[in-house]
Amino acid sequence: MIVLNDVSKVYHIGESEVYALDHANMRIREGEFVSIIGPSGSGKSTMMNIIGCLDIADSGQYLLDGQPIEEYTETELAKIRNRKIGFIFQTFNLIGNMTAAENIELPLIYQKISREERKEQVAQALEKVRLSGRGKHKPNELSGGQQQRVAIARAIASRPSLFLADEPTGNLDSATGREIMELFHELHTQGNTIVLITHDNSIARQASRSIHILDGKIREVAR
Ligand SMILES: Nc1ncnc2c1ncn2[C@@H]1O[C@H](COP(=O)(O)OP(=O)(O)O)[C@@H](O)[C@H]1O
Ligand SMILES: [Mg+2]
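Residues numbered from 1 in each chain as written. Chains lettered and ligands numbered in written order. Predicted model: local features only at pLDDT ≥ 70, side-chain atom pairs only at ≥ 80, totals over all residues. Heavy atoms only, no water.

### Points about the sheet that holds strand β3 (residues 33-37)
Formally: For two strands to count as paired, DSSP must find a minimum of two bridges between them. Numbering goes from the N terminus for both helices and strands, where a helix is a DSSP run of H or I of at least four residues and a strand is a run of E of at least two. Axis definition: a line fitted to C-alpha atoms, over the contacting stretch in the case of helices. Angles run 0 to 180 degrees between N-to-C directions. Residues are treated as being in contact if the distance between any of their heavy atoms lies within 4.5 Å.
Reading across from one edge, β6-β7-β8-β3-β9-β10 is the order of the six strands in this open sheet, with mixed pairing throughout. In this open sheet, the two edge strands, each paired with only one partner strand, are β6 (85-89) and β10 (217-220). Between one strand axis and the next, the sheet turns by 20° as a mean value, whatever way the strands run. By the bridge criterion, four bridges tie β3 to strand β9 (residues 209-214) in an arrangement that is parallel. The partner of Val 34 across the bridge, within β9, is Arg 209. Across the sheet, helix α1 (residues 44-51) touches β3, β6, β7 (162-166), β8 (193-198), β9 and β10, and the angle it forms with β7 is around 155°. In the packing of helix α6 (residues 174-189) onto the sheet, contacts are made with β3, β6, β7 and β8, and the angle to β8 comes to roughly 150°.

### Overview of the nonpolar core
Across soluble globular proteins, nonpolar side chains have a tendency to be buried as a group. Under the convention used in this document: The definition of a nonpolar core used throughout is a set of buried Ala, Val, Leu, Ile, Met, Phe, Trp, Tyr and Cys residues joined through side-chain atoms within 4.5 Å. Partly exposed residues are those whose accessible area sits between 20% and 50% of the maximum for their type, while under 20% is buried and over 50% is exposed, using a 1.4 Å probe and protein chains only.
If you look at the biggest cluster of nonpolar residues, it comprises 33 residues, and the most contacted ones within it are Ile 104, Ile 152 and Phe 184. For this core, the elements supplying multiple residues, two or more each, are α3 (100-110), α4 (115-128), α5 (144-157), β7, α6 and β8. The biggest single contributor to this core is α5, with seven residues. Look past the residues within four positions of Ile 152 in its chain and what remains in contact with it is Ile 88, Val 129, Ile 180, Leu 183, Phe 184 and Leu 187. Within the second largest apolar cluster, 29 residues are counted, among which are Leu 4, Ile 28, Leu 64 and Ile 211.

### Description of α5
Applied cut-off: Take the number of residues in a helix, subtract one, and multiply by 1.5 Å to get its expected span.
For α5, built from 14 residues, the straight-helix expectation of 20 Å at 1.5 Å per residue is met to within 8% by its first-to-last C-alpha distance of 20 Å. Of all the 14 residues making up α5, 13 are buried; the element is thus mostly covered by neighbouring parts of the structure.

### A short note on the site of ligand 1
Heads up, the rule is: Neighbouring residues are identified by heavy atoms, a residue being near a molecule or strand if any of them is within 4 Å of it. Pairs of N or O atoms within 3.5 Å make up the polar contacts considered here, provided that, within protein, one atom can donate a hydrogen while the other can accept it, and that residues adjacent in sequence are counted only when both atoms are side-chain atoms. Classes in brief: Ala, Val, Leu, Ile, Met, Phe, Trp, Tyr, Cys and Pro nonpolar; Asp, Glu, Lys and Arg charged; the others, Gly included, polar.
The environment of ligand 1 is formed by Tyr 11, Ile 13, Val 18, Ala 20, Pro 39, Ser 40, Gly 41, Ser 42, Gly 43, Lys 44, Ser 45 and Thr 46. Contact distances for ligand 1 include 3.1 Å between an oxygen atom and a backbone N or O atom of Gly 43. At a separation of 2.9 Å, an oxygen atom of ligand 1 approaches a polar side-chain atom of Lys 44. Contributing elements (two or more residues each) for the shell around ligand 1: β1 (2-13), β2 (16-28) and α1. Here the shell around ligand 1 gets three residues from one element, more than from any other, and that element is α1. Residues of the shell around ligand 1, tallied by class, amount to five nonpolar, six polar and one charged.

### With respect to α1
A large share of α1 lies buried, amounting to six of its eight residues. Once α1 finishes, Cys 53 follows within two positions and takes phi at roughly 60°, a positive value.

Laid out in structure tokens, this is it:
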């Protein structure tokens, strides 16, 4: 599903070059639960942006479901992101003046899904994250863990083929983090592909496979 061939991303800072990704090679199959682990500054967010089609590599090739991403226009990439990828961020990225249900519904509006279907998908997604009954709450009326569950419901509602999470438990206490990890396990059991990015070993270990990243270089470690 995900194939990176010699992917590099370089930032120019004054005279110097920083390889945020340095000839990275990676393969993730459909239905896998993979963690990408590395310390701060190792290139994790850059990797997430590439895998999530939010950014394009400077060199190398990224194939998503066999399609070379470099060949698409920004409009086409936006469509691919909406259709295929469910993003989950450390800071939840919910819209503050919208209710939980409205936050979950918003991407479905962009996908031109009918009102009736949207209501159904929002209800199902809220149920999956065990937040039925909280749909009318605004983010600031919910705990951090609940807000992250809304963000996961928003991802679920679009029925993506890939869940891509960048430090999803980074802003949560460890008990709440465990609840969030349980949800990812459930999604994995239901056949979804999950790529979870973290600097936390205890989180990374819970995936079926861990890919290590350091100074933009990929190292696969067998367990
Ligand atoms: N927009 C940017 N401009 C310049 N350097 C950047 C930019 N984004 C990331 N970097 C650099 O690329 C490297 C990888 O960053 P990042 O992918 O954010 O790492 P991580 O998410 O693992 O902390 C770091 O050295 C960082 O300073
Ligand atoms: Mg980061």
